[in-house]
Amino acid sequence: MKPFAYVRATGLPEAIAAHGARPGSRYLGGGTNLVDLMKLGVEAPDTLVDLTGLPLRSVEETADGGLRIGSGVRNSDLAVHPLVRTRYPALSQALLAGASAQLRNVATTGGNLLQRTRCPYFQDVSKPCNKRDPGSGCGARDGVHRGHAVLGHSAQCIATHPSDMAVALSALDAAVELQGPDGARTVAAAAFHRLPGDRPDVDTVVEPGEIVTAVTLPPERAGLPSRYRKARDRASYAFALASVAAVLDVAEGRVRHVALAFGGLAHRPWRAEAAEERLRGAVPTESAVREAVEAELDRAEPLRDNTFKVPLARNLACDVLNSLARGARS
C-alpha cells in the first residue's frame with residue numbers, strides 16, 4: 001500500500017488549500033469509486049482531502065422554484081426526496097437504476113458525476129489504456145469492446161461514462177456549481193463531461209483543485225413529464241448497455257419542449273440535439289419519433305462487437321418518448 005496524507009476538511013477554503021491543485025491530490029466523498037481504483041493501483045494519491053465534513057448535504061428549493069442539491073447528498077436520499085420524485089422523476093428513476101442500495105447509501109451527488117469509466121482495460125494496470133496511461137494505446141479497440149462507445153469516440157479511447165444520474169441531469173438541463181482556487185463558476189451539466197479526442201485522460205471540465213459544490217435543477221423543467229430507462233445485462237447492479245433520459249412537454253398536440261439524452265453510448269452523457277431539433281414543434285406521432293431518433297443515431301460508429309447498441313438505443317428512446325407522448329394525450 002502506498003502511504004498518503006489524509007485531511008478531513010471542515011470548510012471549502014481549507015479543502016481547496018489542502019488539495020493545492022496538485023496532481024497527486026484527490027477529493028474524497030463517498031469513495032465508492034476512488035477507493036476501488038486505489039485498491040486496483042489505478043489511482044495512487046499522495047493526499048486525500050475528505051469532504052464529508054463540509055455542509056454540502058442539503059436539498060433546497062430555490063427562490064425561482066428550482067432545486068439546489070448539495071454535492072454531498074447521498075444518492076439514496078436524493079432518489080427518494082419528495083421534490084425530486086414529483087418535479088424531476090427522471091432523476092429519481094436514474095438514481096434508483098444505479099448500483100446497489102448499499103452503494104447508493106454511500107455514494108454522493110458530486111462523486112457520481114466524477115466517477116470514472118468501468119472499462120476493464122482502464123481498471124487493469126497490466127493492459128494498455130490511454131485514459132490511465134496516455135500514449136500506451138487503447139486495448140479495447142481491438143479487444144473486448146461489447147459495452148463500449150458507439151458515439152463520439154476517438155482513435156485514442158472508446159470508453160463509456162458509467163453514470164445514470166448524469167444522463168438524467170443532462171436531459172433536465174441541470175447545472176453544476178464549482179468552487180476552486182480561482183473562485184466559483186457554473187457549468188451546464190450537458191457540457192460537464194468531455195469527449196475523448198486526443199486527451200481521454202481528462203474526463204471533465206473541472207480545473208485542478210475545484211470542488212463540485214452543488215447541482216441545480218431549473219424551474220422551467222419542474223413538473224414536466226420525464227422518464228429514465230436503462231438496458232443492462234442483468235436486472236440489478238449492472239452498468240448500462242444503453243439508457244435514455246427524456247423530457248417531453250406537449251401543448252395543443254405539438255411538442256413544446258423536448259430533451260433526450262443517451263447513456264452507455266459515449267464517453268459522456270450524449271445529448272441528442274439532432275433528434276430534439278426534429279421533434280420540436282412537431283406532432284409526436286410514432287413515425288415522427290422514430291425518424292427523429294434515427295436521425296440522431298445515424299451518427300453512430302459502432303465497432304466490431306457493439307453494433308447491437310444502435311437498435312437497442314433506438315428502441316429504448318422510441319419507447320420512452322412514445323409513452324410520454326401517450327401520457328400527454330390521455
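Here the structure is shown first, and the text comes after it.
Residues numbered from 1 in each chain as written. Predicted model: local features only at pLDDT ≥ 70, side-chain atom pairs only at ≥ 80, totals over all residues. Heavy atoms only, no water.

**Observations concerning the nonpolar core**
Here is step 1 of the chain: Counting 35 residues, the largest nonpolar core has L78, L91, L113, L169, V176, L217 and Y228 as the members making the most contacts within it.
Here is step 2 of the chain: Contributing elements (two or more residues each) for this core: β5 (67-70), α3 (75-79), α5 (89-97), α9 (165-171), β6 (175-180), β8 (211-217), β10 (242-251) and β11 (254-263).
Here is step 3 of the chain: For this core, the leading source of residues is α9, giving six residues.
Here is step 4 of the chain: Once residues lying within four places of it in the same chain are set aside, the contact partners of V176 are L113, R185, T186, V187, A189, F192, V212 and A214.
Here is step 5 of the chain: Grouped together as the second largest cluster of nonpolar side chains are 31 residues, L151, A266, V293 and L321 included. (Core = buried A, V, L, I, M, F, W, Y, C linked by side-chain atoms within 4.5 Å. Buried < 20%, exposed > 50% of the residue type's maximum accessible area, 1.4 Å probe, protein only. Helix = DSSP H or I, 4+ residues; strand = E, 2+ residues; numbered from the N terminus. Contact = heavy atoms within 4.5 Å.)

**Considering the sheet that holds β5**
Here is step 1 of the chain: Strand order in the open sheet formed by five strands is β4-β5-β8-β6-β7, with antiparallel pairing between adjacent strands. What marks the edges here is a single partner per strand, and that holds for β4 (59-61) and β7 (183-188). Sheet twist, expressed as the mean angle between neighbouring strand axes with direction ignored, is 25°.
Here is step 2 of the chain: Bridge count between β6 and β8: five bridges; the pairing is antiparallel. Bridging from a neighbouring strand, Q179 pairs with I211 of β8.
Here is step 3 of the chain: Set on the sheet, helix α1 (residues 12-19) makes contact with β6 and β8; between it and β8 the angle comes to about 130°. (Pairing = 2+ DSSP bridges. Axes fitted to C-alpha atoms, helices over the stretch in contact; angles between N-to-C directions.)

**Thoughts on the packing of helix α11 (residues 286-297) against helix α12 (residues 309-329)**
Here is step 1 of the chain: Closest axis-to-axis distance for the α11/α12 pair is 9 Å, and the angle between their directions is 145°. In the crossing of α11 with α12, the sense of the turn from one axis to the other is right-handed. Seen from α11, the contacting residues are E286, V289, R290, V293, E294 and L297; seen from α12, they are V310, A313, R314, N315, A317, C318, L321, N322 and R326. (Left-handed = near helix turned anticlockwise from the far one by under 90°.)

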